[in-house]
Amino acid sequence: MTHQHNANSLFAAPCPPAQRREALLQLAAAHDPEFQAVLSIALKKMSNAPEAAWDGLWVSYKAGQIMGAVWVQRLPMNMAQLWLPLPGVEAGHVDLLLRAAHQWVTTHNIRLCHVEVSPQTNPTEALLIAHGMQPLAHLDYLTGRSDQRLALNKHTPLSLQPFSLLSNAEQLALLAAVGQDSLDSSALRELLSVEELLAGFYQQDPQAPRHWYAIHYQQALVGVLLLAPREALGRWELLLMGLAPEWRGQGLGRALLNNALQLAQHEGIEEVMLAVDKLNLPAKQLYRQAGFECYAEQRLLAWTGNHQGR
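Everything quoted here is computed from the prediction, not taken from an experiment. (Residues numbered from 1 in each chain as written. Predicted model: local features only at pLDDT ≥ 70, side-chain atom pairs only at ≥ 80, totals over all residues. Heavy atoms only, no water.)

Let us now look at the packing of aromatic side chains. The full count for this structure, using the stated rule, is eight aromatic pairs. Residues Phe163 and Trp212 carry aromatic rings whose centres are separated by 5.7 Å and whose planes lie at 70 degrees to one another, so their mutual orientation is edge-to-face. Taken together, the residues Phe163 in the loop between β7 (159-162) and α5 (168-179) and Trp212 in strand β8 (residues 212-217) connect sequence positions 49 residues apart. On the basis of relative accessibility, which here comes to 0%, the residue Phe163 falls in the buried class. A connected cluster of aromatic rings, assembled from ring pairs, spans Trp54, Trp71 and Trp83. Positioned over the ring face of Tyr295 is Arg235, at 5.2 Å from the centre of the ring. (Phe/Tyr/Trp six-rings, centres within 6.5 Å; stacked < 30°, edge-to-face > 60°. Helix = DSSP H or I, 4+ residues; strand = E, 2+ residues; numbered from the N terminus. Buried < 20%, exposed > 50% of the residue type's maximum accessible area, 1.4 Å probe, protein only. Lys NZ or Arg CZ within 6 Å of the ring centre and 35° of its normal.)

Attention now goes to the nonpolar core. Within soluble globular proteins, side chains that are nonpolar tend to cluster in buried spots. Residues Leu225, Leu238, Met241, Leu257, Tyr287 and Phe292 are the most contacted members of the largest nonpolar core, which totals 31 residues. If you list the elements that add at least two residues to this core, you get β8, β9 (220-230), β10 (235-243), α8 (252-266), β11 (271-277) and α9 (281-289). Per element, the largest residue contribution to this core is seven residues, and it comes from α8. Residue contacts for Leu225: discarding those within four places in its chain leaves Leu160, His211, Trp212, Tyr213, Ile215, Leu238, Leu240, Met241, Leu256, Ala260 and Leu263. Core analysis: the second largest hydrophobic core is formed by 23 residues, Val70, Leu86, Ile110 and Leu301 among them. (Core = buried A, V, L, I, M, F, W, Y, C linked by side-chain atoms within 4.5 Å. Contact = heavy atoms within 4.5 Å.)

Read from one edge of the open sheet, twelve strands run β1-β2-β3-β4-β5-β12-β6-β11-β10-β9-β8-β7, paired in mixed fashion. A single partner strand is all that each edge strand has here, and the edge strands are β1 (11-14) and β7. Each adjacent strand pair in this sheet contributes to an overall mean axis angle of 30 degrees, direction not counted. Packing of α8 onto the sheet brings it into contact with β6 (134-145), β7, β8, β9, β10 and β11, and relative to β10 it is tilted by some 155 degrees. (Pairing = 2+ DSSP bridges. Axes fitted to C-alpha atoms, helices over the stretch in contact; angles between N-to-C directions.)

The element β10 is largely enclosed, with a buried count of nine among its nine residues. As paired strands, β9 and β10 are joined by eight bridges and run antiparallel to one another. Bridging from a neighbouring strand, Arg230 pairs with Arg235 of β10. Connecting the antiparallel pair β9 and β10 is a turn made up of four residues, with Gly234 showing a positive phi of about 70 degrees. Where β10 lies against β11, three bridges are found, and the strand directions are parallel. Looking across to β11, one finds that Leu238 is bridged to Leu274. Tracing the backbone out of β10, into α8 and back to the parallel element β11 gives a crossover that is right-handed. (Right-handed = clockwise from strand over helix to strand, strands pointing away.)

Before going further, it helps to spend a moment on the domain arrangement of the chain. For the chain, the assigned domains read domain 1 (11-110) and domain 2 (142-303). For domain 1 versus domain 2, the separation of C-alpha centres amounts to 31 Å. Listed by partner, the interface residues are 13 residues for domain 1 and twelve residues for domain 2. Linking domain 1 with domain 2 are zero salt bridges, by the criterion used here. The interface formed by domain 1 and domain 2 includes one residue pair in polar contact (both at pLDDT 80 or more). If you list the elements that add at least two residues to the side of domain 1 that touches domain 2, you get α2 (33-44), β3 (65-75), β4 (79-83) and α3 (91-107). In terms of residues, the side of domain 1 that touches domain 2 owes the most to one element, α3, which gives four residues. Classifying every residue of the side of domain 1 that touches domain 2 by side-chain character gives nine nonpolar, two polar and two charged. (Domains from an automatic or database assignment. Salt bridge = Lys/Arg side-chain N within 4 Å of Asp/Glu carboxyl O. Polar contact = N/O pair within 3.5 Å; in protein donor to acceptor, adjacent residues only side chain to side chain. Nonpolar A, V, L, I, M, F, W, Y, C, P; charged D, E, K, R; others polar.)

Okay, structure coming up:
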């Protein structure tokens, strides 16, 4: 691939296949271990991907050398995730890469391209907003021991049945019900359809729907529990735990969290992690009572398309 640029000029271009490994190392280097572990999971999914699937990987050059990289990873339902350049890349290169990524997202009519950044990196957040991203949520990341249990005021026998036993229509209806009036990432829910939300959960969990459950109580379908093993971290992640509005406030959430912890403990997992919207005070109180502690905060930002969720 030949670049028609002055040898000392800064420019961004799609990453040539021969330099892909170097570009991906650029993405991972100097990031914290959890970022590297999550990136590793994303890359494993690309092991058999066609060349066209890498057209969202861009690099910046100076004097013929790669100086930085950015990756727009395509996701199902015409969505994407943005992987930012490593900390310490020169501001000029970051600016070039973000402009290239934004143009790529626009050209390919991506519905939503999201990224998470630490609130401690305010310059990064401000730069993303300057490049057209909008803030969608402020998330607290919590972790708790699987051997902890919440006290229950009454015996609450929940029945957990495989999520896969539901038809696609039933799965979507259940997710729509538990999302009604939810305090978690309400701006994101307004942007995405239920179909897109479900596709996003599948994308996050390579083993899905192995540890996904539909929750029954008193012969009624009342909620959902989606758990995802994170083998690289030695934890399980609670992707989604929710109840339909008419079943909230009856202690079922406490019983459901106990069930989630019990499932993880039964598989030999000592820790469970989750993300919860900073504004979802009832959920945060429940998790704190179960011994969960905050270990990180992230802000969710995104470039969004013109179509609204349904």
